[in-house]
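An overview of the molecular structure
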Amino acid sequence: MAVVAALALAPVKGLRLVPVDAVDVRASGPVGDRRFLLREPDGRIALTMRNPRLVQVVPAWDAERDELALAFPDGARVAGPVARGEAVTTALYDGRRVAGHLVEGPFSDALSEHAGHPVALVMREDTETGGDDSPVTLMSRASLHALGAALGDGGLDGRRFRMTIEIDGVPAWEEHGWAGREVRAGDAVLRVAAPTERCAVTTRSPDDGHRDAPVLKALADLRGKDDVTFGVWCDVVAPGRVRVGDPIVVAPSGR
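Here's what I pulled together on the structure shown here. (Residues numbered from 1 in each chain as written. Predicted model: local features only at pLDDT ≥ 70, side-chain atom pairs only at ≥ 80, totals over all residues. Heavy atoms only, no water.)

1. A word on the packing of helix α2 (residues 141-151) against helix α3 (residues 215-223)
Look at α2 against α3: their axes get within 10 Å of each other, and the N-to-C directions meet at 105 degrees. On the basis of the axis angle, α2 is roughly perpendicular to α3. Here α2 contributes A146, L147, A150 and L151 to the contact with α3, which in turn contributes V215, A218, L219 and L222. (Axes fitted to C-alpha atoms, helices over the stretch in contact; angles between N-to-C directions. Helix = DSSP H or I, 4+ residues; strand = E, 2+ residues; numbered from the N terminus. Parallel < 35°, antiparallel > 145°, perpendicular 65-115°, else oblique. Contact = heavy atoms within 4.5 Å.)

Here it is as structure tokens:
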């Protein structure tokens, strides 16, 4: 039986991925996921590929208290309530503009110092989708192991793919054939949209951002140069809670 093996959120898009035991999935994505993003002075999102050191910063977001904490690799910690300032829009990598508010206080200055150039912390509006293409992502542990074997890394860290849901109990690459099918994960129902195209950021360590693995070459060797994908995008059919250990049920093809 397929089950949810792990769950993760990125409270601040581009900072460290955070493992969790459960997520509440809504139409716009998991609650608390990509709740914040970093904005360049020109209005574009601060891409991880251009700012690899940002993955060294560990975020913690307490939605009930409306408080954010950022832990930096030198031991510094910046924390406090989130005060929403000026309304802005931020252009994502594909040009989609996301509405939000600049976050006042010490966060932007601390992140700018760490990044080595100015960036602004933005809290996105509740109605905006935090994910790039679809609100939820999913990968199988078997696919991760297959890729790790191709790289000669039996312990390949799946955090570099920044996926919401990791599942166990299906063969490698099976999820890549689920496009258009519904997947029940715990109390939520998802519809697989398409495999997730990958970029060079996956070649970098999820701990410190240095380039450490030829992931794209390995994917091209495994799946073909025209299929450099890993994991799948999912849209939300029915919201619900998903917990580690919950069963994964895939609807038959054609439904």
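2. Quick notes on the side chain of E166
Along the chain, E166 turns up in strand β13 (residues 165-168). Classification of E166 by relative accessible area gives buried; the value is 13%. Residues contacting E166, with those up to four places away along its chain left out, are V3, V4, A5, A6, M139, R141 and L144. (Buried < 20%, exposed > 50% of the residue type's maximum accessible area, 1.4 Å probe, protein only.)

3. Here we look at α3
What α3 keeps buried is the set V215, A218 and L219. On an axial view of α3, the arc spanned by its buried residues comes to 100 degrees, and they lie on one face. The exposed residues of α3 that point more than 90 degrees off its buried face are K217 and D221. Its buried side turned inward, α3 meets α2 and β16 (229-238). Phi for G224, located one or two positions after α3, is positive at around 100 degrees. (Arc of directions from axis to C-beta.)

4. Things to note about the layout of surface pockets
If you add up the space inside the largest pocket, you get close to 750 Å³. As for the largest pocket, its lining consists of 33 residues, and the residues nearest its centre are K13, Y93, D132, C199 and V201. When residues of the lining of the largest pocket are traced back to their parent elements, those giving at least two are β5 (36-39), β12 (136-140) and β15 (188-197). The greatest single-element share of the lining of the largest pocket, amounting to three residues, is contributed by β15. By residue class, the composition of the lining of the largest pocket is 16 nonpolar, eight polar and nine charged. In this model, the second largest pocket occupies a volume close to 290 Å³. Taken together, L9, P11, V18, V20, A22, V23, D24, V31, G32, W61, A63 and R241 make up the full set of residues lining the second largest pocket. (1 Å grid on protein atoms, 1.4 Å probe; cavity = no way out; pocket = protein on both sides within 12 Å on 5 of 7 lines; lining within 4 Å. Points joined across faces, edges and corners; volume = space filled by probe spheres on them. Nonpolar A, V, L, I, M, F, W, Y, C, P; charged D, E, K, R; others polar.)

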